[in-house]
Amino acid sequence: MDIIVCIKQVPDTEEIQKVKINPQTNTIVRESIKSIINPFDENAIEEALRIKEKNSAFVTVISMGPPQAEEALRKALAMGADKAIILSDPSFAGSDTLATSYTLASAIKKIGNFDLILLGKQAIDGDTAQVGPGVAEWLQIPQITYVRKIQIDGRMVRAERSLEDSFELVEANLPALVTVTKEINEPRYPSLRGLLKAKATKIIHWTSQDLQVDLKKVGLDGSATQVIRIFTPEPPSHGEILTGSVSQKADKLIKKLKKKNLI
Amino acid sequence: MRNEIKVIWEKCTGCGRCIPKCPLSAIVLENKKAKILPNCSFCGICVKACPFEAIELKRQEKIVDLSEYRGVWVLAEQRGGKIVPVTLELLSVGRDLADKLGVKLSLLLLGDEKKNVEQLRRYPLDRIYLVQDSLLNYYRTNLYTQAIVDLVKKEKPEIILVGATSIGRDLAPRVATRLQTGLTADCTSLQIDKENRNLIQIRPAFGGNIMATIVSPYHRPQIATVRPKIMKKASPKNERKAEVILIKPKLSLEKAAVNILDLIKEESEVKDLQEAEIIVSGGRGLGKAENFSLIRKLADLLGGAVGASRAVVDAGWIPSYHQVGQTGKTVQPKLYIACGISGAIQHQVGMRTSETIVAINKDPEAPIFNIATYGIVEDLHKFIPLLIDKLEKAQRSLT
Ligand SMILES: Cc1cc2nc3c(=O)[nH]c(=O)nc-3n(C[C@H](O)[C@H](O)[C@H](O)COP(=O)(O)OP(=O)(O)OC[C@H]3O[C@@H](n4cnc5c(N)ncnc54)[C@H](O)[C@@H]3O)c2cc1C
Ligand SMILES: Nc1ncnc2c1ncn2[C@@H]1O[C@H](COP(=O)(O)O)[C@@H](O)[C@H]1O
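Residues numbered from 1 in each chain as written. Chains lettered and ligands numbered in written order. Predicted model: local features only at pLDDT ≥ 70, side-chain atom pairs only at ≥ 80, totals over all residues. Heavy atoms only, no water.

A. Fine view of the site of ligand 1. Surveying the vicinity of ligand 1 reveals 27 residues, the closest of which are Arg284, Ser309, Thr327, Ser342 and Asn361 of chain B. Residues lining ligand 1 come from chains A and B. One of the backbone nitrogen or oxygen atoms of Val324 of chain B is found 2.8 Å away from a nitrogen atom of ligand 1. Note that a nitrogen atom of ligand 1 is positioned 3.2 Å from one of the backbone N or O atoms of Lys362 of chain B. Notes on ligand 1: free accessible area 990 Å², of which the protein chains cover 80%. Class assignment of the residues belonging to the shell around ligand 1 gives a composition of six nonpolar, 15 polar and six charged. (Near = heavy atom within 4 Å. Polar contact = N/O pair within 3.5 Å; in protein donor to acceptor, adjacent residues only side chain to side chain. Areas by Shrake-Rupley, 256 points an atom, 1.4 Å probe, with all protein chains shown as cover. Nonpolar A, V, L, I, M, F, W, Y, C, P; charged D, E, K, R; others polar.)

B. Broad picture of the confidence of the model for chain B. The pLDDT averaged across chain B works out to 90; a share of 95% of its residues lies at or above 70. Both confidence scores are given for the complex: pTM 0.80, ipTM 0.86. (pLDDT = per-residue confidence, 0-100.)

C. Layout of the interface of chain A and chain B. In this assembly, 93 residues from chain A lie in contact with 93 residues from chain B. Roughly 8,200 Å² is buried in total at the junction of chain A and chain B, and carbon and sulfur atoms are behind 57% of that figure. At the junction of chain A and chain B, the tally comes to seven salt bridges. Arg178 of chain B serves as the salt-bridge partner of Glu137 of chain A, at 2.7 Å between the closest nitrogen and oxygen. Linking chain A with chain B are 33 residue pairs in polar contact (both at pLDDT 80 or more). Considered class by class, the residues forming the side of chain A that touches chain B number 41 nonpolar, 25 polar and 27 charged. Pairing of strand 11 (residues 166–173) of chain A with strand 17 (residues 258–265) of chain B involves seven bridges; the strand directions are antiparallel. If you follow Glu168 of chain A over to strand 17 of chain B, its bridge partner there is Leu263 of chain B. (Contact = heavy atoms within 4.5 Å. Buried area = accessible area lost by both parts, 1.4 Å probe. Salt bridge = Lys/Arg side-chain N within 4 Å of Asp/Glu carboxyl O. Pairing = 2+ DSSP bridges. Helix = DSSP H or I, 4+ residues; strand = E, 2+ residues; numbered from the N terminus.)

Structure below.
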């Protein structure tokens, strides 16, 4: 079977605190910020590889982003993916989730063969969780989001989908799109052999021409939403360290919480 | 201005390189110059393909007739036949937006259970669209999308609000993509720009380190998912009894695409973390799995839910659905008590917007103290049993 995994390169979690805004241009200063594969997307890669090991499959990873997103694809290859494609073009810049999902879907259509499309449940920079359902809609295929367990059964995918206080057991015919949570697996580290193989594998580069996309639907032009301002939230108040003996601290805490009507 | 594309004769060499690139075969050579045929979609691929900059494209300004779209809609979310609290929160913010715009507030209720209608009519809204079909009693992505999109196309609301829940965030992007309109996720504040009737949507990004203001000026409807537990709930006020409009959608189960085989409740002791008003969370400082009983006891006493850091989930001390943080749940209770949790950034982003944060940690340097409203530097094994004891005594003296 053919599996396509969509991955995004995002600022490293440890570095997220350092994300700063340039007050002049109202944009995010990204220099000197280390990048990683979006953590949930690593789970998506891992799940594709596990399915490959069980059912035999061809795993293609794609990422839309600036040229340095190749790093993320290289890591996916090192983990064991078979093929990597970067969608990079100046006209893709400034995409919102509508434009991003259109571009990804166009690439998936160009790849042509797909049974299962895997994505992370959300990207940790934008936290939108909108790209997965968007891609499924552009492709007119079923979607199953927030999945913590997948089983492939012939032409069928069976999944456990997490809800707030329960989970659903669902199934859909392939091709289908699934977004995964971190509970689904523990992503592997690339092996030495994998790293060497990844170095030797060529990453395919597709531009807007290769995808034959409608330029009105990509990048800023294709985005229905516009970010008009970004700002730093009020810094969290430092609060108060309670003092005294253990017993006094407990009394003080109870008093304070009572005063706030919390208990 | 309409879309315009033209070939600049002086520059065109008739090389023909644009011809195979055109996805619609809308370019031919005529008298050794490129000629663009009327089936051109103005995609601009040829402009980039031309080495001589001989093709010029001017695109139409985005003019959409936004004035056709009027009214604010709220999508009611039901789980197990019950209206989810976020619906009432959407009704209060929706009322506010509708009043500012001078339009009606409508509630969209899907399914054939009529019992919720009477209850909801008491809230300050103008209209309930009851999309009646038993296939909609349970949430299914495709059927909900179809029912909503059909109605939106007919009624043309300018704003649709959806709860940012596991259902809302599955549904809204599908609806927005089908309508080819803008969607903003997980908003924490909504306002109206009176001049152009734009919805000003404010939301956190980068795990709450940055806030973004987002608008969708050229598209309607403007759709937003709204984070639960941020907006105050609407209260039932009887003055305007909402009119009920019955809609019979045309749906078939085959179109559902995804088959729901079963719905399994997680352990009954697990309260919905995202709905909880009080959360007591335990981290590695507990020392061992058994000590979670201390956290449970405190949570029970306060009528709260149990949370956890990733370290203890990874250690297998507690199931993962308790995890708070970047790769767990984002919570915003009135009171969050972090016990033996260092407060790594990945944990903080999941709970830093809680109203009151209490941290119990024996290390005064632990980062959790940077965001704690009340910090207690103590060994939790001493402090928590004492706290429980005092709370129990206080409760007993009340009864
Ligand atoms: C990509 C990524 C995603 C992540 N996502 C999450 C997430 O969603 N949620 C999350 O929580 N973490 C997440 N983490 C992990 C996070 O970085 C921390 O490792 C984790 O939160 C630490 O958990 P902890 O505070 O329980 O343990 P520790 O950091 O080990 O802290 C234990 C604390 O307990 C205190 N302590 C010890 N004994 C006592 C005692 N007797 N009395 C009082 N205090 C005591 C110590 O002083 C210490 O501060 C993520 C990490 C990565 C890389
Ligand atoms: N630029 C991108 N390239 C490839 N995949 C992406 C991109 N943006 C988002 N995704 C995928 O969509 C998921 C959800 O992202 P988001 O909707 O931005 O939260 C991510 O976990 C990725 O799997």
